[in-house]
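Here's the letter readout for the chains.
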Amino acid sequence: MSKLTLDRILHTQGFGTRKWCRSLINAGDVSIAGQVVTDTNTPIETDGLQFTIFDELWTYRAQVYIALNKPANFECSRKPSHHPGVLSILPDQFTLRDVQPVGRLDHDTTGLLLMSDDGAFIHTQSSPKHHVPKVYVATTYAPVTEALIELLLKGVKLHDEPAPLAAERCERLDEHHLSIVLEQGKYHQVKRMLAAAENHCTALNRSQIGNLKLADLGLAPGEWCYLDADRLALLAPPFSIGD
Ligand code: URA
């Protein structure tokens, strides 16, 4: 349970500076349960709070956890240079409340991308120490052979990496597709592993993080959803990928 004044509530939710939020409230643009609220002095219970700004209904969230089905040609960088940033897909409020991608996908990689403004969550999900498995489906230029799968499971040496990197799991799906499970997230890791194994990745999609499957979220490319507690629980151990 926590109580905040309405201007502070709007500020925490990414609607702008306290001053700007007060001006929205004073102008009668904010309502709660159908009533315009102009009081910025009385603290309001935030737990379960819903409010309307310019006729759009919002639910107060102390922190946001988002799953995006990332389309191709969007960059995960905070300062994108060649393509629009993934944050441009979300409402502006999320940029203002400092929502960030959890790790990075290349601009041409598609699929499941988590985003949040919870620093501890971002750290847990992206740190290799926490061993959160990520499943990718790679399209390959040359056919997928058993030798390729064995090599990716055994480990391949990448330039600048002291030790060979191996897939946790790797399976042939069909002649030009394989699924690969990684717990680290080194720069271009799947593409570089395939190149080191003398193949070439022509397309890459992340289909699963931990036990959370993109297919279960029903998101078309470019669509996103909030992750509720049940879905967040799928991002914590124990993980049962491919069992
Ligand atoms: N590995 C890659 O090569 N690219 C990604 O975007 C993710 C993993």
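Our structure's up above, just so we're on the same page.
Values in this document were obtained by computation on a predicted structure and should not be read as measured data.

> Would you mind going over the site of the ligand with me for this structure?
Close to the ligand lie Leu105, Asp106, Thr109, Tyr136, His188, Gln189, Val190, Lys191 and Leu204, which account for all nearby residues. Separating a nitrogen atom of the ligand from a side-chain N or O atom of aspartate 106 is a distance of 2.7 Å. Backbone polar atom of histidine 188 to an oxygen atom of the ligand: 3.2 Å apart, as the coordinates give it. In isolation the ligand has 230 Å² of accessible area, and contact with the protein removes 96% of it. The cavity that encloses the ligand is the largest pocket. Here the shell around the ligand spans two domains, since at least three of its residues come from each of domain 2 (65–129 + 211–233) and domain 3 (133–209).

> Can you walk me through the packing of aromatic side chains in this structure?
Within a pair of aromatic rings, the relevant descriptors are the distance that separates the centres and the angle that separates the planes. If you walk through the whole model with that rule in mind, you get six aromatic pairs. Ring plane angle 85° and centroid distance 5.2 Å describe the contact between phenylalanine 15 and tryptophan 58, whose orientation is recorded as edge-to-face. One end of the pair, phenylalanine 15, is in the loop between helix 1 (6–12) and helix 2 (18–26); the other, tryptophan 58, is in strand 6 (residues 56–59), with 43 residues separating them in the sequence. Taken individually, phenylalanine 15 and tryptophan 58 each receive the classification buried, so the pair is uniform in this respect. Ring centres of phenylalanine 94 and tyrosine 226 lie 6.1 Å apart, and the angle between their planes is 75°; on these two criteria the pair is classed as edge-to-face. On the criterion of sequence distance, the pair formed by phenylalanine 94 in helix 3 (residues 92–96) and tyrosine 226 in strand 15 (residues 224–226) is long-range, its members being 132 residues apart. A relative accessible area of 2% means that phenylalanine 94 is categorised as buried. With a relative accessible area of 27%, tyrosine 226 lands in the partly exposed category. Through a chain of ring-to-ring contacts, three or more aromatic side chains come together here, namely Phe15, Phe51 and Trp58. Note that arginine 61 overlies the ring of tyrosine 226, its terminal NZ or CZ placed 3.5 Å from the centroid.

> How do you make sense of the pairing of strand 9 (residues 110–116) when you look at a structure like this?
On any regular strand, side chains alternate: one points to one face of the sheet, the next to the other face. The buried fraction of strand 9 is high, at six of seven residues. Taken together, the six bridges between strand 7 (residues 65–70) and strand 9 define a ladder with antiparallel strand orientation. Within the sheet, the bridge partner assigned to tyrosine 65 lies in strand 9 and is serine 116. Summarising the sheet, strand 8 (residues 100–101) and strand 9 pair through two bridges and their orientation is antiparallel. Within the sheet, the bridge partner assigned to proline 101 lies in strand 9 and is methionine 115. Two strands pair when backbone bridges link them, and strand 9 and strand 13 (residues 201–209) are joined in this way by two bridges, in the parallel orientation. What sits directly across from threonine 110, in strand 13, is asparagine 205.

> Could you clarify how one ought to interpret the state of the cysteines in this entry?
By definition, a disulfide links the sulfur atoms of two cysteines through a covalent bond. Considering all chains together, one arrives at zero disulfides under this definition. No disulfide involves cysteine 76; its sulfur sits 15 Å from the nearest other cysteine sulfur, which is in cysteine 201. Not part of a disulfide, cysteine 225 finds its nearest cysteine sulfur in cysteine 76, a span of 16 Å. With a relative accessible area of 15%, cysteine 225 lands in the buried category.

Rules and cut-offs
All residue numbers refer to position in the chain's written sequence, counted from 1. Totals for whole chains, interfaces and linings use every residue, but because this is a predicted model, local features are given only for residues with pLDDT of at least 70 and side-chain atom pairs only at 80 or more, for both listing and counting. Note: side-chain values were computed over all heavy atoms of the structure, leaving out hydrogens and water. Here a residue counts as near a molecule or strand whenever at least one of its heavy atoms sits within 4 Å of it. N or O atoms closer than or at 3.5 Å make up a polar contact, with two conditions inside protein: a donor-capable atom paired with an acceptor-capable one, and, for residues adjacent in sequence, both atoms drawn from side chains. Surface accessibility follows the Shrake-Rupley procedure with a 1.4 Å probe radius. Residue values consider only the protein chains on display as shielding. A cavity here means a set of 1 Å grid points, computed over protein atoms only, where a 1.4 Å probe fits but cannot escape. A pocket is an open set with protein on both sides within 12 Å along at least 5 of 7 lines, and lining residues have an atom within 4 Å of a point. Cavities and pockets are treated as containing a molecule whenever more than half of the molecule's atoms lie within 2 Å of their grid points. Either an automatic procedure or a domain database provided the assignment from which the domain bounds are taken. What counts as a ring pair is set by centres within 6.5 Å for rings of Phe, Tyr and Trp (its six-membered ring), and what kind of pair is set by the plane angle: stacked under 30 degrees, edge-to-face over 60, tilted for all other angles. Only DSSP runs of H or I with at least four residues qualify as helices, and only runs of E with at least two residues qualify as strands; both kinds are numbered from the N terminus onward. When a residue's accessible area, from a 1.4 Å probe over protein chains only, is under 20% of the maximum for its type it is buried; when over 50% it is exposed; and in between it is partly exposed. Comment: the charge-over-ring label is applied if NZ (Lys) or CZ (Arg) is within 6 Å of the ring centre and within 35 degrees of the ring normal. Strand pairing is assigned whenever DSSP identifies at least 2 bridges connecting the two strands. Counting rule for disulfides: a pair of cysteine sulfur atoms within 2.5 Å.

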